[in-house]
2 protein chains.
Amino acid sequence: MSERDALLLNYLMDDEEELNSDLTVDSQSVTYNTTISGDPLQAPSSRSVSLRLSDREHAVHEGSSSRASTDDDMVDPSTTGYATDQDESLDEGANHYSDFHTIDWLKDIAKDRLRHRSIIKKRKGTIPNKLSSACDAASGWLIVFLIAVSVGGVAGVIDIAAPWFSDLKLGICKDSFWLNREQCCWDNENNTRFDDSESCSQWATWPILFGIGSVNGAGIYLLEYVMYCTIGVLFALSAAVAVKIFAPYACGSGIPEIKTILSGFVIHGYLGKWTLLIKSTGLMLAVASGLSLGKEGPLVHVACCLGNILSYFFPKYRNNEAKKREVLSASAAAGVSVAFGAPVGGVLFSLEEASYYFPMKTLWRSFFSALVAAFVLRSINPFGNKHLVMFNINYYQRPWYFIELVPFMGLGALGGLFGALFIKCNILWCKLRKTSRLGNYPIAEVLVIALLTGLLAYPNPYTRKSASELIRELIAACSHESSEGICDYVNRTAETAHRGLSSSAIGPGIQTALWQLSLALVFKVIITIFTFGIKVPAGLFIPSLCIGAITGRMVGIGIEQLALANQNLLIFENLCRSDQSCVEPGLYAMIGAAAALGGVTKMTVSLVVIMFELTGGLQYIVPLMAAIMTSKWVADSIVSEGIYDAHITLNNYPFLDNKEEFTHTSIAADCMVPQHHDPPLAVLTQNSMTVASIEKFLKVTKVKGFPVVISKESQHLVGYVERRDLRVALDNARKRCTVMPESRVYFTPQYPADMHTSDQPSPLRLRKIVDLAPITITDQTPMETVYEMFRKLGLRYTLVTHNGRLLGIITKKDILRHVASLENG
Amino acid sequence: MSERDALLLNYLMDDEEELNSDLTVDSQSVTYNTTISGDPLQAPSSRSVSLRLSDREHAVHEGSSSRASTDDDMVDPSTTGYATDQDESLDEGANHYSDFHTIDWLKDIAKDRLRHRSIIKKRKGTIPNKLSSACDAASGWLIVFLIAVSVGGVAGVIDIAAPWFSDLKLGICKDSFWLNREQCCWDNENNTRFDDSESCSQWATWPILFGIGSVNGAGIYLLEYVMYCTIGVLFALSAAVAVKIFAPYACGSGIPEIKTILSGFVIHGYLGKWTLLIKSTGLMLAVASGLSLGKEGPLVHVACCLGNILSYFFPKYRNNEAKKREVLSASAAAGVSVAFGAPVGGVLFSLEEASYYFPMKTLWRSFFSALVAAFVLRSINPFGNKHLVMFNINYYQRPWYFIELVPFMGLGALGGLFGALFIKCNILWCKLRKTSRLGNYPIAEVLVIALLTGLLAYPNPYTRKSASELIRELIAACSHESSEGICDYVNRTAETAHRGLSSSAIGPGIQTALWQLSLALVFKVIITIFTFGIKVPAGLFIPSLCIGAITGRMVGIGIEQLALANQNLLIFENLCRSDQSCVEPGLYAMIGAAAALGGVTKMTVSLVVIMFELTGGLQYIVPLMAAIMTSKWVADSIVSEGIYDAHITLNNYPFLDNKEEFTHTSIAADCMVPQHHDPPLAVLTQNSMTVASIEKFLKVTKVKGFPVVISKESQHLVGYVERRDLRVALDNARKRCTVMPESRVYFTPQYPADMHTSDQPSPLRLRKIVDLAPITITDQTPMETVYEMFRKLGLRYTLVTHNGRLLGIITKKDILRHVASLENG
């Protein structure tokens, strides 16, 4: 049970009827968090946490155990639960939404157009006006440019620091400690080729540093082993502690939350500066610790943090949550772009996977952002090579044959199976963590996982090295020089290799390698299931790719040997040519990697594009596609959701999936609040209420807004008033001393003209705060239409009418609850 | 004035107030079409044309000159204009929409879900049911696969035939006439390298065929010249005649219409088999004629025709216009994919430029379709090389320098200027053609343009060859062997070239080439303005690319010489290295080509991706992006619309641009029908009308549907009834003889129980045909919200209410009219 879950309580608390099981969790989390809130939490982002928790405790003490939150839900006005809503309009300045709110896209976009129009009008004015108008027009491009540069910069720093930390587990560069192992050896030999097997005099391993480097034996191995595990555990622990103390949001991959935020939800602090700082540093440590995780997913979160922070400097984006999401979409694209060096793939990822509302203008800016970010990172050149691609494949010229689509699709099926298995197991484990006492010890969990990972990973050379190095090795073809491990073919000499005769029977090196790879595969699969979800920054791309690449390479070697042994068979005829290798196992590794990642994330087009940008293999796009498609089909037949969507469901985030279709036959009347057994909706009447009655009304209700009707009897809908606006209007009126408690309140444009002359107090006219254009539907509207409207228009709520009379209201949460009840019952 | 314009009359006729200028056009077109309808039109797709035209004439004779059409507009019931609406429900079977209708996305999607659910229910049934359910599930993939294969096949045929026809202008292959010039010479020399300058014994030019090949002189040149022009004009003429007689829709690029169709408009026959046939064959002839046009845009139209025709075999798509558009989106992607060999670019083009409603499922299928189509085309291998890319660039290893972004952006600005100029001039010319008598002679126009093109193109070697050959030559770097034309550098020998020293002072060949290229540029720019819009299949991609490539190559040579002359200057320091060429003019040509196309079409992301897939130059993505961005900015500052959108506006297609934002401050009340001066809306009351009164009502109105209200007095909205449904229900009731003219009609669920006992005739209950969930908005809703709702939900109409009372209706056309009136006044 994490702090994050507790924070979401406020949003989810009023689902008491449907989500009874969660209530148990909630009370647990409260206990857990109460102990935490006693800690000296000094980081700004945590302050809001403690604040909120104390609110929460207060609510618990007051006895209103399940109604501490006020959301845009309609709640029975007779409930006596008391909320701290009043001061909301005071402490919030420009930002219209508080935490855990659903934003109203239509309103926000309309607001921005209004702002835009006022600027256009000004343009004809003085020079400063013209200047500010020009600034405003340029700010959209400026902000994505700044985001791109900063994302590229941060990614560069992480890419430089993570290998250094990682190599610290093995030793240190003697004369210049700031260099990692690879750079340390470059320095020495004055060339940038670095062979793993070569020893390097500058590089001091721990035994050497401890002064026992000269002896050779079990002691040295043990010391290296211990140092590897100890330092790895230390890294993991420091990441976990930093996350726990300073930024509870910095754990995990962040992509499920980014998806939720982009769909129009506000989680204050999730994209703040402390999250950014802790996620970035924690990411380096977590990657360096040797845990089975990647930095690619979290980089998307880091990029979105940067986007959010930079948007504070632009009023256009700071004050408009809908516009801010355009910036965040571009940031997500930039994040994937730097993670893989794949700008086009980044944009497609943002479009396909992350984003919700994606106007064409955003597409172009996202592309710009992704490209500039990739360019900046390339200029920083953290890997020391000028390649734009991450895993360079060295078999450009090798064609693939139609018959090979069969094993490729087989790999796809394997990848899909793995993906489905992974999602099922990971979700089961995460549920267990949420519901059992295990969730109370996140640090201990990290410690155990890190220790286990270190202990099991070190003995196997393929798991000892970092996952991205392993992928690089598996995807590459055997070069002319290499003849060890997976390249140990019989009769392989420099001469035959040079002639391209890389394929022959496997030697003992490959046999050992196959065993080691099998063990590595099993280890990676199991440990990754337990790793994804622990409280350190952790991405899933690299582990999935790695698992797929191992499978692919093994299958590839198998097919190669099969083809070699049966060269006369018709189906293998084309595969083996005299002057070429039989099949390229590296290609199989690449396809397998893509298939595994596809199975886990259910990405499609963006994955194909990322893979081909990642490897530079334009000609392998058809095999990639075939494998990824098979993978998705297989995975879809077992679990319906990808890992990110599964985590969204697991955490009950208010997310309307824009890929899923609403498949039930209910109508709006089945979903709206109130249902038959509920008390009627809290409504205002347009001209029959007094200030005092509205004050009382505000006290006994805690919903975010009220429909206004002509009269209690007719219930014909006039408009909608936000609680906040009503509160502020009443307060202002009282400050001006123009109203008395018995003043009539008019939400109408007309009011009786003789009011002033009579002895009654002067009326309060509140026409201005009424939204006269709420989105309405009829009670007979099919829920699929309602679902489409919520998704496509980004609604917060819609009012339900019948023949013009108000019947109820539907919020996004009502829909989610409705869908959940339909699927469970 | 074309037939197409006349066909749209029906849709546009009732815009008499706002579009007075068009009325003149309309009457002209009627004259023109009346003469046509006397021709023996036998092609099925033309039959509907003549039918509709006679309707039109009928209407004109009846004297209701401007109200011949009935659309989903609300029209004053007191108007006595009489329409032939009644038989609509009879002659239309499965297809719910007639010609020139806006489709209702929400309803169609809901319909498909209903169908889907019934299939899911059936799945638990017998084996045939299971089988049909499986078929249905697979049909989505099957249809895109079939489309992909057929698109690839048709594109292959066109790619093979067009060069053959084109070479016919120069001569014929002696022994095997079915080979084009290039293949003819391969056959002879048994290699696939083909050098343009070499003569080839098998290839017989026209002078040789006429028996005067041995003499050399002005006569031969003249004969070749005459043959070139004559055959070109003949090709162009036959394309134009075929278009005119068999398929009037086959002219132009088709992309504006595809955009309109994909946005939810029905143009019957636009994607029919005759259009397909004539567009494909006409395309070969038009390309071969030497006119300044390309086959890429029309290939998208051809692909959509194939998609539409194939969808007839799948009931799921045949009967649902919204689902059909998913297939058409995928077809468009496949079309671009085969046109450029750019699958990813094709998908992005479909997403960015063509499509309107693009669910994620469609994205993945479109990608599949694009990829398979490209693969099929590659297997057909029409160009005789195994390259996936169309214009292979041969300078992969050449880096570009940051300073070069300045000339690249300069090229972008030039491209943007050209694009804006082109759009302005072309639209002006098309307007002139529409409004003057020029439009009456389309064949003559083609003749003149083709003759002019031939006469002016032949003398210049750069315009004589086909545009795509020219682009290939301009984009390529000077290879080691070539030393003529644009590669004629001083001191250029095989030896220096081999050492990579391609850059040196320009020789006389380049000087001549620069002159010829300048002339070619001016010629291409002017002739393309007049060519795009004539009545042959004509695309714009290749001419734009060609114009840009010429500019780019010339600028590139300029920069090269500048850098060469000033190697000591700081800014040129990096550009010239001793062992490398200075700058690569071919790269400049590529950037220039992209910039020009960007300026004309205003494409962004998809263009970058297409260009890099087209050329295979992954490392030039940043320069491409910089140039295309500059180009778009420059072009946007001069004209707001791309060429396709400009043609949509020109032709008054009902298209709500999904990239434009609604920037005005009006509200729904300003846009709805009726306005103050209009008569009230035609409404039905829920329980106070009789069969006779409804019959009368149907006679005096001609709108497509009626809102149902509680009573004339209260006007509280109950629902909406389609005219067609009402008509059918009344007819059925009369057939069953259950009703009398004085029978009461009830649209309510309850009706007085004592009805049967009284002496009144039995009532007619029509609750079932009432749509109880029409989309409604209030009169105060900002128009930008209404606009968003129409775009995102794909509405046909929305009802406007105030406090639950019906005030009016807004259709898509009302919005377009409203926007037009706001922008003009």
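Definitions and cut-offs
Residues numbered from 1 in each chain as written. Chains lettered and ligands numbered in written order. Predicted model: local features only at pLDDT ≥ 70, side-chain atom pairs only at ≥ 80, totals over all residues. Heavy atoms only, no water. UniProt positions renumbered as here; feature names shortened; annotations may be inferred. Helix = DSSP H or I, 4+ residues; strand = E, 2+ residues; numbered from the N terminus. Buried < 20%, exposed > 50% of the residue type's maximum accessible area, 1.4 Å probe, protein only. Contact = heavy atoms within 4.5 Å. Areas by Shrake-Rupley, 256 points an atom, 1.4 Å probe, with all protein chains shown as cover. Domains from an automatic or database assignment. Core = buried A, V, L, I, M, F, W, Y, C linked by side-chain atoms within 4.5 Å. Pairing = 2+ DSSP bridges. Phe/Tyr/Trp six-rings, centres within 6.5 Å; stacked < 30°, edge-to-face > 60°. Lys NZ or Arg CZ within 6 Å of the ring centre and 35° of its normal.

Chain A is annotated in an unreviewed UniProt entry as Chloride channel protein of Bugula neritina. In its Sequence similarities (unreviewed entry) section, the UniProt entry covering chain A states "Belongs to the chloride channel (TC 2.A.49) family."

Colleague: Please clarify how the overall build of chain A should be interpreted in this entry.
Modeller: A count of helical and extended segments in chain A gives 32 helices and 13 strands. Counting across all 825 residues of chain A, residues that qualify as buried make up 61%. The contacts in chain A between residues at least 6 apart in sequence include a share of 75% that link residues at least 24 apart. Counting only carbon and sulfur atoms, one obtains 61% of the accessible surface of chain A, whose full area is about 31,800 Å².

Colleague: Explanation requested: the domain arrangement of chain A in the structure shown.
Modeller: Assigned domains within chain A: domain 1 (408-490 + 502-651) and domain 2 (668-752 + 759-824). Computed over C-alpha atoms only, the centres of domain 1 of chain A and domain 2 of chain A are separated by 54 Å.

Colleague: In this structure, what is going on with the nonpolar core? I would like to understand it.
Modeller: Inside soluble globular proteins, nonpolar side chains tend to come together where they are buried. If you look at the biggest cluster of nonpolar residues, it comprises 278 residues, and the most contacted ones within it are Phe340, Trp364, Phe367 and Leu545 of chain A together with Phe340, Trp364 and Phe367 of chain B. Those residues in contact with Trp364 of chain A that sit more than four places away from it in its chain are Trp141 of chain A together with Thr604, Val605, Val608, Met625, Ile628, Met629 and Lys632 of chain B. Core analysis: the next-biggest nonpolar cluster, separate from the first, contains 46 residues, Leu656 and Met783 of chain A together with Leu106 and Met789 of chain B among them.

Colleague: Would you mind going over the sheet that holds strand E7 (residues 744-746) of chain B with me for this structure?
Modeller: The pairing of strands in a sheet comes from backbone hydrogen bonds and takes either a parallel or an antiparallel form. Read across the open sheet, the three strands follow the order E4-E7-E8 (chain B); overall the sheet is mixed. Of all the strands in the sheet, the pair left with one neighbour each is strand E4 (689-690) and strand E8 (764-765) of chain B.

Colleague: Help me understand the packing of aromatic side chains, please; the structure alone is not making it clear to me.
Modeller: Each aromatic ring pair is described using two quantities: the centre-to-centre distance and the angle formed by the ring planes. All chains considered together, the criterion is met by 42 aromatic pairs over all chains. A ring pair is formed by Trp164 of chain A and Phe165 of chain A, whose centres lie 5.3 Å apart and whose planes are at 75 degrees; its orientation type is edge-to-face. The exposure class of Trp164 of chain A is partly exposed, given its relative accessible area of 21%. Taking the centre distance of 6.5 Å and the plane angle of 80 degrees together, the rings of Trp141 of chain B and Trp364 of chain B count as edge-to-face. Within this pair, whereas Trp141 of chain B is found in helix H6 (residues 127-167), its partner Trp364 of chain B is found in helix H16 (residues 360-380), the two being separated by 223 residues in sequence. We classify Trp364 of chain B as buried; its relative accessible area is 5%. The structure contains a cluster of three or more aromatic residues connected by ring pairs, namely Trp141, Phe145, Trp364, Phe367 and Phe368 of chain A together with Trp633 of chain B. Against the face of Trp141 of chain A rests Arg365 of chain A, its NZ or CZ located 5.4 Å from the ring centre. Across the ring face of Tyr458 of chain B, the terminal group of Arg464 of chain B is positioned such that the distance to the ring centre comes to 4.1 Å.

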